[in-house]
Amino acid sequence: FYFPWMTLRNTETGGKSKAVFAYCAEQVWLHDRDRYLCSLFAGSRGRHALWALYALNLELARAREVVTQPMLGEVRLRWWHDTLECLFQGQSTGHPVVQALAQSWPSVGKVQNILLSLVDSRILELNGRVPKTLGELEGYLERTSSSLMRLSLSALGVDDESARAAGSRIGLAWGLVGLIRSLPFSSGPAQLSVPCSIFSELGCSLEEKKGGPSRNLNSAVRVLAERATFHVCRSRELVLKAPSTARAVLSLGALTRLYLNRITRADYDPYVADFNVSSLRRLVKIGVSWR
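Conventions and cut-offs
Residues numbered from 1 in each chain as written. Predicted model: local features only at pLDDT ≥ 70, side-chain atom pairs only at ≥ 80, totals over all residues. Heavy atoms only, no water. Helix = DSSP H or I, 4+ residues; strand = E, 2+ residues; numbered from the N terminus. Buried < 20%, exposed > 50% of the residue type's maximum accessible area, 1.4 Å probe, protein only. Contact = heavy atoms within 4.5 Å. Areas by Shrake-Rupley, 256 points an atom, 1.4 Å probe, with all protein chains shown as cover. Phe/Tyr/Trp six-rings, centres within 6.5 Å; stacked < 30°, edge-to-face > 60°. pLDDT = per-residue confidence, 0-100. Expected span 1.5 Å × (residues − 1). Bend = angle between axes of the 7 residues up to and from the residue. Patch = residues over 30% accessible without salt bridge, like charges linked within 9 Å, V, L, I, M, F, W, Y side chains within 5 Å. Salt bridge = Lys/Arg side-chain N within 4 Å of Asp/Glu carboxyl O. Core = buried A, V, L, I, M, F, W, Y, C linked by side-chain atoms within 4.5 Å. Axes fitted to C-alpha atoms, helices over the stretch in contact; angles between N-to-C directions. Parallel < 35°, antiparallel > 145°, perpendicular 65-115°, else oblique. Nonpolar A, V, L, I, M, F, W, Y, C, P; charged D, E, K, R; others polar.

Novice: So what about the overall build of the protein? Which residues, and what values?
Specialist: Check the secondary structure of the protein and you find 15 helices and zero strands. Relative to its 291 residues, the protein shows a buried fraction of 49%. Across the protein, every contact between residues at least 6 apart in sequence was considered, and the portion connecting residues at least 24 apart equals 73%. Of the roughly 14100 Å² of accessible surface on the protein, 50% is carried by carbon and sulfur atoms.

The following block contains the structure:
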């Protein structure tokens, strides 16, 4: 299989510069395989910018996972907030992700508001508050998943209205699918990470909501999946109007549909759905979607 960071590591010319991109690429390959596979369809310059951005996103997401207290997570995220503000002023630390951003994003200051909003949304997430309604959930995903899609398009130099609109839709769908995929691995009752209004509309009591795998959970997942399907279907017409240079970002929509098909085939049971898809199969899915 193609591992670009190995080539970067073995190249002596510009060793320090290549090392930071090698670090970012490896992190994305290990922890965000889907976006890594999509990035392979970008040119080398755009690919480096995507790896730097996705590695930053992983650092922000990791802030909640590696600490035992929300306050420590907030300290970590505040550091990233301050570090990015310094980067916008032309100053960068020795952190490889920051170095990669500095080298691959010459106009990073143009997207500073979106980047800082991405950090701030992660800080709000630390309090563990679950969105009460589907609308609140989509609002959060718009600030995180959809914002990341817009930043990804900026990394490729894509400034197209159709591409941005498609990216926003795909970001929402991807976030909803991500929530469904995470349910079997959630700490505590899985249902507690699903907006309570969905269970209320299904006629579930509070005690039923706190239970384990159940038909009620499957029904709630169906609501989320159908909403994700709506967004990804609305994005397809927009994708056709988008420039081909947006391919490495908007291809995430093809993988979203792949996982939605797996959810549907499992009758919306997240504990039964098989999300283990080989990298090769995912690459083929991405390639075929752009024929």
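Novice: Would you mind going over the packing of aromatic side chains in detail, with residue names and values included?
Specialist: Counted by the stated rule, this structure contains five aromatic pairs. Ring centres 6.0 Å apart and planes at 5° place the aromatic pair tyrosine 36 and tryptophan 51 in the stacked group. Linking tyrosine 36 in helix H3 (residues 33–39) with tryptophan 51 in helix H4 (residues 44–65), this pair joins segments that are 15 residues apart in sequence. On the accessibility criterion, tyrosine 36 (0% relative accessible area) is buried. What makes tryptophan 51 buried here is its relative accessible area of 1%. Aromatic side chains tryptophan 79 and tryptophan 80 sit 5.0 Å apart centroid to centroid with 85° between the ring planes, which places their arrangement in the edge-to-face category.

Novice: Explain the confidence of the model for the protein to me, and be specific about the residues and the numbers.
Specialist: Of the residues in the protein, 88% have a pLDDT of 70 or more, and the chain-wide mean is 87. No element of the protein has a lower mean pLDDT than helix H1 (residues 4–9), which averages 51, and none a higher one than helix H14 (residues 252–265), which averages 97. Predicted confidence for residues 9–13 stays below pLDDT 50, and this span has four contacts to residues more than four positions away or in other chains.

Novice: So what's going on with helix H8 (residues 134–155)? Which residues, and what values?
Specialist: Counted at 1.5 Å a residue, the expected span for H8 with its 22 residues is 32 Å, and the 30 Å between its end C-alpha atoms agrees. A maximum bend of about 40° is found in H8 at glutamate 142. In the stretch just after H8, glycine 157 is the one whose phi turns positive, near 75°.

Novice: Which residues make up a nonpolar patch on the surface, and what values go with them?
Specialist: Taken together, the side chains of Leu280, Val284 and Val288 make up a nonpolar region of the molecular surface, amounting to roughly 280 Å² of accessible area. Among the secondary structure elements, valine 288 is positioned in helix H15 (residues 279–289).

Novice: Give me the lowdown on the pattern of salt bridges, citing residues and values where you can.
Specialist: This model, assessed by the stated rule, comprises 12 salt bridges. Notably, a salt bridge pairs glutamate 59 with arginine 76, separated by 3.7 Å at the nearest N-O pair. Remark: arginine 76 occurs in helix H5 (residues 70–88) and glutamate 59 occurs in helix H4; sequence separation between them is 17 residues. Relative accessible area serves as the criterion here: at 6%, glutamate 59 is assigned to the buried category.

Novice: Can you explain the nonpolar core? Please cite residues and give values.
Specialist: Leu84, Leu115, Leu250 and Ile263 are the most contacted members of the largest nonpolar core, which has 91 residues in total. Excluding anything up to four places from it in sequence, leucine 115 contacts Leu53, Leu56, Leu84, Phe88, Val108 and Leu151.

Novice: Which residues make up the side chain of aspartate 34, and what values do they have?
Specialist: Along the chain, the position of aspartate 34 falls in helix H3. Those residues in contact with aspartate 34 that lie beyond four places of it in its chain are Trp174, Arg181, Leu252, Leu255, Tyr259 and Arg282.

Novice: Please give an account of the environment of leucine 252 that cites residues and values.
Specialist: As for its position among the elements, leucine 252 is in helix H14. Assessed through its relative accessible area of 2%, leucine 252 is described here as buried. Spatially, the C-alpha atom of leucine 252 lies 7.0 Å from that of arginine 35, the residues being 217 residues apart in sequence. Contacts of leucine 252, omitting those with residues within four sequence positions, involve Asp34, Arg35, Cys38, Met149, Ile170 and Trp174.

Novice: Residue-level account of the packing of H5 against helix H7 (residues 112–125), with values.
Specialist: Here H5 crosses H7 at 175°, and the two axes come no closer than 9 Å. Classified by the angle between their axes, H5 and H7 sit roughly antiparallel to one another. Packed against H5, whose contacting residues are Glu74, Leu77, Arg78, His81, Leu84, Glu85 and Phe88, the element H7 presents Gln112, Leu115, Leu116, Val119, Asp120, Arg122 and Ile123 at the interface. A class-by-class count of the residues in the contact of H5 with H7 yields seven nonpolar, two polar and five charged.

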